[in-house]
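Structural overview
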Amino acid sequence: WAKADGKNTFRYYSRELEDSAHQQEKLMSMLQKALPGHELELYYQPIMALETRKIVGFEALLRWHQPELGNIRPDVFIPLAEASGLIMQIGEWVLETACLQAKAWQERYASGLIMNVNFSGRQFHHPNIVQNIVNMVNKVGLDARLLNIELTESVLMDQSSVMIEKMHMLRQAGLDIAIDDFGTGYSSMSYLRQFPINTIKIDRSFIKGLPDDPEGSAIAQAILALAKTLKLSAVAEGVETQAQAEFLRANGCEKIQGYLFSPPVTADDAERLICQQLGRDMT
Ligand code: C2E
Ligand code: MG
Ligand code: MG
Ligand code: MG
């Protein structure tokens, strides 16, 4: 019995694995068509200053509208794009689209709004990445100071001397660098002094329990104190309630991002938010 069970179990799991490998393959070939098929779109989520309640920038977040399957989340397809190398082309499209959008808003509204763009490991580890970013900024004619690069801790973990060099070059070119999902990676502390970063984005897992959860609160307070000491700007991610915003403000957090103010929205809707803030009609 045991053997038979074991066998069945094994077969069951192996078929499931086969299925999921098959699914991945299918998704991968679909992803190859995403860029040429115009299935990708950038959404923009406002980042707001807590003190003034004003939008100070946006984070560009990629959306994939797959014609048969519907919307596929970046958590699902970014790893596939990484694994296949497609991330290089997709990432270049993201960067160009985000830079063009930032440039357009700057020209229309002189708003000084920052554009945050996410880079994943394989993208940032590419030897020409810094030159590619600088070239893109120049090609688009965007003020480099309006572009902010988001990197996760895991991206910075390996090859740290090469990474530091790349970050210095980006900073020299005028860009800002933010550590994304701060606190979820490995060595949150030691590299903060070595790396020329401007901003830490506190992961939403630490924001979730605010203000009631004592452990979450202690961690959020510790990160904010650390940011202050190191003269880094802090952005809280995933802020959904007024109580969370209040707690963050009281503890010296400068900026928030989250559903409380707005989810990621289309370029048009983002522009509507800018106009609302400026008390202007959309041009
Ligand atoms: P991320 O960079 O940490 O982006 C923040 C994520 O939190 C976004 O998920 C956003 O929609 C979500 N979020 C924002 N506010 C709230 C909130 O109040 N509550 C909750 N529950 N969630 C909130 P999204 O858009 O699904 O993106 C997931 C991840 O995919 C991003 O995490 C980023 O790591 C990656 N990603 C997205 N776009 C790109 C891209 O263009 N390039 C690269 N390399 N990665 C990207
Ligand atoms: Mg991000
Ligand atoms: Mg994040
Ligand atoms: Mg993330």
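Because the structure is a prediction, the values reported are computed rather than measured. (Residues numbered from 1 in each chain as written. Chains lettered and ligands numbered in written order. Predicted model: local features only at pLDDT ≥ 70, side-chain atom pairs only at ≥ 80, totals over all residues. Heavy atoms only, no water.)

**Concerning the coordination of the magnesium ion (ligand 3)**
Protein coordination at the magnesium ion (ligand 3): the donors are Asp180 (OD), Asp181 (OD), Glu237 (OE) and Glu237 (OE), at 2.1 to 2.6 Å from the metal. When the donor residues of the magnesium ion (ligand 3) are listed from N- to C-terminus, their spacing reads D-D-x55-E. For Asp181, a relative accessible area of 25% corresponds to the partly exposed category. The exposure class assigned to Glu237 is buried, which follows from its relative accessible area of 11%. (Donors = N, O, S within 2.8 Å, 3.2 Å for Na, K, Ca; no water. Buried < 20%, exposed > 50% of the residue type's maximum accessible area, 1.4 Å probe, protein only.)

**Concerning the site of ligand 1**
Close to ligand 1 lie 24 residues; Arg63, Asp180, Arg204, Glu240 and Tyr259 are nearest. Protein chains bury 86% of the 800 Å² of accessible surface belonging to ligand 1 in isolation. Of all the elements in the fold, those that place two or more residues in the shell around ligand 1 are β2 (54-66), α2 (74-84) and β6 (176-182). For the shell around ligand 1, the residue count by class is 9 nonpolar, 6 polar and 9 charged. (Near = heavy atom within 4 Å. Areas by Shrake-Rupley, 256 points an atom, 1.4 Å probe, with all protein chains shown as cover. Helix = DSSP H or I, 4+ residues; strand = E, 2+ residues; numbered from the N terminus. Nonpolar A, V, L, I, M, F, W, Y, C, P; charged D, E, K, R; others polar.)

**Comments concerning the side chain of Gln257**
Mapped onto the elements of the fold, Gln257 is located in the loop between β9 (255-256) and α12 (267-278). There is a polar contact of 2.7 Å between the side chain of Gln257 and the side chain of Glu59. Leaving out residues up to four positions away in the same chain, Gln257 has contacts with Gln45, Pro46, Ile47, Glu59, Lys201, Val235, Ala236, Glu237, Gly238 and Val239. (Polar contact = N/O pair within 3.5 Å; in protein donor to acceptor, adjacent residues only side chain to side chain. Contact = heavy atoms within 4.5 Å.)

**Examining the confidence of the model for the protein chain**
Overall, the prediction assigns the protein chain a mean pLDDT of 91, with 92% of residues at 70 or greater. A low-confidence stretch, residues 1-11 (pLDDT under 50), is modelled with 0 contacts involving residues beyond four sequence positions or located in other chains. Interface scoring of the predicted complex returns ipTM 0.98; its pTM is 0.93. (pLDDT = per-residue confidence, 0-100.)

**A look at the pairing of strand β1 (residues 40-49)**
Within β1, 9 of the 10 residues are buried, leaving the element largely enclosed by the surrounding structure. Here β1 pairs with β2 via 10 bridges, running antiparallel. Pairing of Pro46 across the sheet is with Phe58, part of β2. The turn joining β1 and β2, which pair antiparallel and follow one another in sequence, is formed by 4 residues; a positive phi near 60° is taken by Arg53. Pairing of β1 with β9, which is carried by 2 bridges, proceeds in the antiparallel orientation. The residue of β9 that forms the bridge with Met48 is Ile256. (Pairing = 2+ DSSP bridges.)

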